[in-house]
Amino acid sequence: MSFLRASITPLSTLRRRFYSNLVNIVEVGPRDGLQNEKKVAIPVPTKVELVNRLVKAGVTNVEAGSFVSPKWVPQMGGTADVLKGIDRQKDVHYSVLVPNKRGLDDLVALLDNNPSDIPLTDEVSVFTAATDGFNKANLNCTVKESLEKLAVVTRTALDRGLRVRGYVSVVIVCPYSGKVDYKRVREVAKELIDMGCYEVSLGDTVGQGKPHQVGEMLEEVKKAVPVEKLAGHFHDTYGTGVANVLAALDHGIRTIDASVGGLGGCPYSPGATGNVATEDVLYALQGSPYQVAGSNNGTIDLKEMVNIGWWISSELGRPSASRVARAVRAKEERHKSRL
Ligand SMILES: CC(C)(COP(=O)([O-])OP(=O)([O-])OC[C@H]1O[C@@H](n2cnc3c(N)ncnc32)[C@H](O)[C@@H]1OP(=O)([O-])[O-])[C@@H](O)C(=O)NCCC(=O)NCCSC(=O)C[C@@](C)(O)CC(=O)[O-]
């Protein structure tokens, strides 16, 4: 009997092992993807349609916008209207970025005036960086000063029943101060967790990181923060986005930020391109030991994401930056020309 007990793996362990290969995607296209758009002012209905279509494709975590200063980031100016316009679905997290108490106060006023039973959002993201150089450009204050402000924002948001996600930018290279000290990334991530963030997303804002650097950085941060509370956020400037995602998964990360059509860039990271394209991540993980979680038959529909990426990119007057979307489109064209 004791032999039997020893040889049977408990159901909870089996479940954990089975589910541990589930990968969550945080779709950041409507926020990180659009915030840096210089060519056109993106109308609110387009942003709303983008969010709705992403959710229909199976996305369950989507960044819908930011409550930041419209003087600093004009494209995020209409976020309140975007939140009001979304066809909200249960079990989907529509999060917004909040840099300070003013942003949170604006959001809370909006939530208080929402006549619907379904809250406009249940999550805010607070953000800081691993270097003062980047933080001063992005938030007009040092990392220490921003952590003090974010502690107030986080406490207030938690008291209001919102969950709070944290970001650390420039975890590998900083456009203002060069190579980043991973110990500093660890300290800042730990402070965000200690103040109440349920998860911290580690951003290669510049998109210059390489897989081995991602691994080294993560091993340092994991000394202070459990890997289940970490997410990876990789810009694809040097074409290492998917490789960095795979490296992060190998190091235990199970939440990945990605942007449909590879949209985006940070206004304060000169030259950085968009996030790794969601389509490219979905394609790379197909048939792998990892399974992407989502609400469309349990996952996110790659074909639909390709269509959305092409649609929103055309609204911005350019082709999709996703390699997979381009390959799929080229294949379709070849097929059509044969008919
Ligand atoms: C934080 C501030 C406002 C400080 O900027 P500041 O100039 O130091 O702020 P201030 O407190 O002196 O206020 C200046 C003016 O802004 C207003 N203001 C002040 N706060 C707000 C607010 N929340 N919403 C609306 N308005 C606001 C305030 O009322 C005032 O208005 P005025 O009196 O001049 O008319 C500014 O630096 C800012 O908005 N920065 C946002 C930068 C940003 O959004 N960056 C992109 C997102 S982060 C990112 O992309 C990286 C990430 C997350 O994706 C991860 C990665 O890739 O690494």
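Everything that follows concerns the structure shown earlier in this document.
Below is a summary of the structure that appears in this document. It should be emphasised that the depicted structure is a prediction, and the values quoted were computed from it without experimental measurement.

It is worth spelling out the pairing of strand β2 (residues 61–66) at this point. Within β2, six of the six residues are buried, leaving the element largely enclosed by the surrounding structure. Where β2 lies against strand β3 (residues 93–97), five bridges are found, and the strand directions are parallel. In the strand pairing of β3, asparagine 61 is matched with histidine 93. Running through helix α5 (residues 79–85), the crossover from β2 to the neighbouring parallel element β3 is right-handed.

Attention now goes to the packing of helix α9 (residues 182–195) against helix α10 (residues 211–221). Any two packed helices are characterised by the angle at which their axes cross and by the distance between the axes. The interhelical angle for the contact between α9 and α10, taken along N-to-C directions, is 50°, at an axis separation of 8 Å. Taken as axis vectors, α9 and α10 run oblique relative to one another. Between α9 and α10 lies a crossing of right-handed hand. Taken together, the residues of α10 that come into contact with α9 (itself represented by Tyr182, Lys183, Val185, Arg186 and Ala189) are Gln213, Glu216, Met217, Glu220 and Val221. Taken together, the residues of the contact of α9 with α10 break down into five nonpolar, one polar and four charged.

Right, let's talk about helix α7 (residues 132–139) for a bit. Looking at α7, one finds that the buried residues are Phe134, Asn135, Ala137, Asn138 and Leu139. Viewed along the axis of α7, the buried residues span an arc of 165°, placing them on a single side of the element. On its buried face, α7 is in contact with β4 (123–129), α8 (143–159), β5 (163–169) and β6 (173–174). Following α7 by one or two positions, asparagine 140 adopts a phi angle in the positive range, close to 60°.

How each quantity is defined
Residues numbered from 1 in each chain as written. Predicted model: local features only at pLDDT ≥ 70, side-chain atom pairs only at ≥ 80, totals over all residues. Heavy atoms only, no water. Buried < 20%, exposed > 50% of the residue type's maximum accessible area, 1.4 Å probe, protein only. Helix = DSSP H or I, 4+ residues; strand = E, 2+ residues; numbered from the N terminus. Pairing = 2+ DSSP bridges. Right-handed = clockwise from strand over helix to strand, strands pointing away. Axes fitted to C-alpha atoms, helices over the stretch in contact; angles between N-to-C directions. Parallel < 35°, antiparallel > 145°, perpendicular 65-115°, else oblique. Left-handed = near helix turned anticlockwise from the far one by under 90°. Contact = heavy atoms within 4.5 Å. Nonpolar A, V, L, I, M, F, W, Y, C, P; charged D, E, K, R; others polar. Arc of directions from axis to C-beta.

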